[in-house]
Amino acid sequence: MRRILLSCLLLSAACILKAQDACLNDVVNTLKDRISLAGYAQVGYTYDDEGEGTENTFDIKRVIFMASGKITDKWTCYFMYSFANTGKILEAYTEYHFLPQLTARIGQFKTMYTIENPMSPCFVELINCYSQATNYMAGINGSDPLYSSSGGRDMGLLIYGDLFKKLVSYNLAVMNGQGINMKDRNNQKDIVGSLMVHPLEWLSVGGSFIKGKGCAVATSSINPDIAVGENYTRNRWSAGATIKTDPIDIRTEYLEGKDGHVKSNGYYATLSAHVLPKFDVIASYDYLNKNKTIDDKQTNYVAGVQYWFYPKCRLQAQYTYCNRHKGENSNLLQAQLQVRF
């Protein structure tokens, strides 16, 4: 009798363990199907003779971790974190796909202003990533002291989609207007929108805008009439086009902004020529005038190469000649290695 009872207990234990293993396998398989992880790092070398001191250093540009989750077939979430420098949350949002033509997103994400800003640094041709005008007007590198934001991101609600069999793509958002990881300081929201038309498979044309009120977080020599904590008009618009063919890719755009009574404008044209398999020659013209009244402008001329030695992994080398209207001209030499999984 004891042997029979012991056998029954061992059989029951084996069944329970098998059921637990099956349950754990189901959980693991579900996570594999519903969660995807990715990341990339960009490290390199910089030589810059701007100003009195010369910068000559190896540096870490970006170390990024990304996670996306599928809650249901229509409901997803996304998270992006930067480990470089002090570390910070870049993006955190959830979105629901109502229709192929309509998706709603809420959280922190890229501001859909300009063609360049929504692009990932993994695929932008320039080591400095974006044009001067995009950096300044979209708040990417903190070069606008009034806005003083970085990352080109903000918090808000976005709707987007493709219309007429993907002939037209649109984005429309209501956002804080204060930048990344910041609460709204003036309770007045920014309206951000973009519209791109794709008349040909290789051609896209369109524009974007920001209409809002900023709250100055610092003073600016470009716009000294706006004090810290003061609300001011912060409007932008842009118009541009992209061309994507087998031999070349071209991206070009004109940008204009207004902060208080000060107007700024900029223009860029970036070309990537695919001269060999996995090997590109890069050239860019990049102009920005931060204050059209006093002509605080700079033009950058960029030339370089990049080699895609593995999918999404590349080596880059670039030279930039910085031509300033005020102040001395300078030279910038950069190299960068990008790895991604």
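Heads up: the structure comes first, above all this text.
This structure is a prediction, so every number in the text was calculated from the model and none was measured.

### What to know about the overall build of the protein chain
Item 1. Scanning the protein chain from N- to C-terminus turns up two helices and 16 strands.
Item 2. Viewed in the frame of its principal axes, the protein chain has a C-alpha envelope of about 100 × 50 × 45 Å.
Item 3. Counting only residues that meet the buried cut, the protein chain has 42% of its 341 residues in that class.
Item 4. Across the protein chain, every contact between residues at least 6 apart in sequence was considered, and the portion connecting residues at least 24 apart equals 48%.
Item 5. In the form shown here, the protein chain has an accessible surface area of approximately 18400 Å², with 63% of it arising from carbon and sulfur atoms.
Item 6. Computing the positive centroid from 35 side-chain charges and the negative centroid from 32, the protein chain places the two 9 Å apart.

### A closer look at empty space enclosed by the protein
Item 1. The tally for this structure, following the rule as stated, stands at one cavity of 30 Å³ or more.
Item 2. Of the volumes computed, that of the largest cavity is approximately 60 Å³.
Item 3. In terms of lining residues, the largest cavity is bounded by Thr-111, Ala-138, Tyr-147, Asp-154, Met-175, Gly-177, Asp-190, Val-192, Ile-210 and Arg-234.

### Describing the environment of Glu-50
Item 1. As for its position among the elements, Glu-50 is in the loop between strand S1 (35–48) and strand S2 (55–70).
Item 2. Look at Glu-50 and you get partly exposed, because its relative accessible area is 42%.
Item 3. Residues Glu-50 and Glu-125, spaced 75 residues apart in sequence, show a C-alpha to C-alpha distance of 23 Å.
Item 4. Here Glu-50 is in contact with Arg-324 and Ser-330, once residues within four sequence places are set aside.
Item 5. For Glu-50, the side chain forms a polar contact with the side chain of Arg-324, separated by 3.2 Å.

### Structural notes on the packing of aromatic side chains
The geometry of an aromatic ring pair comes down to the distance between the two centres and the angle between the two planes.
Item 1. Taken as a whole, this structure holds nine aromatic pairs when the rule is applied.
Item 2. Judged by centre distance (6.5 Å) and plane angle (15°), the rings of Phe-79 and Tyr-81 are stacked.
Item 3. By relative accessible area, which is 23% here, Tyr-81 ends up partly exposed.
Item 4. Their ring planes at 65° and their centres at 5.7 Å tell us that Tyr-285 and Tyr-301 sit as a pair that is edge-to-face. With Tyr-285 in strand S13 (residues 279–289) and Tyr-301 in strand S14 (residues 297–310), this pair connects stretches of sequence that are 16 residues apart.
Item 5. Residue class for Tyr-285 comes out partly exposed when judged on its relative accessible area of 33%.

The rules behind each value
Along each chain, residues carry numbers from 1 onward, in the same order as the chain's sequence is written. Local features in this predicted model are restricted to residues of pLDDT 70 or higher, and side-chain atom pairs are both shown and tallied only at a pLDDT of 80 or more, whereas totals for entire chains, interfaces and linings draw on every residue. Based on all heavy atoms of the structure, the side-chain values leave hydrogens and waters out of the count. The helix count covers DSSP runs of H or I at least four residues long, the strand count covers runs of E at least two residues long, and both are numbered beginning at the N terminus. For each residue, the accessible area found with a 1.4 Å probe, counting protein chains only, is set against the maximum for its type, and the residue is called buried under 20%, exposed over 50%, and partly exposed in between. It only takes one pair of heavy atoms within 4.5 Å for two residues to be counted as in contact. To measure how exposed things are, a 1.4 Å probe is used in the Shrake-Rupley method; for residues, cover is taken only from the protein chains shown. Only four residue types enter the charge count: Lys and Arg as positive, Asp and Glu as negative, with His and the chain ends excluded. The atoms used to mark charge sites are NZ of Lys, CZ of Arg, CG of Asp and CD of Glu. The way it works is a 1 Å grid over only the protein atoms, where trapped points that fit a 1.4 Å probe form a cavity and open points with protein on both sides within 12 Å along at least five of seven lines form a pocket, and then any residue with an atom within 4 Å of a point lines it. Grid points are joined across faces, edges and corners, and a volume is the space filled by probe spheres set on the points. We define a polar contact as two N or O atoms separated by no more than 3.5 Å, with the added condition that, inside protein, one atom must be a possible hydrogen donor and the other a possible acceptor, whereas residues neighbouring each other in sequence contribute only through side-chain atom pairs. Here the aromatic set is Phe, Tyr and Trp, taking the six-membered ring for Trp, and pairing holds for ring centres within 6.5 Å; pairs whose planes are under 30 degrees apart are stacked, those over 60 apart are edge-to-face, and all others are tilted.

No statement about biological role is implied by the geometric values presented.
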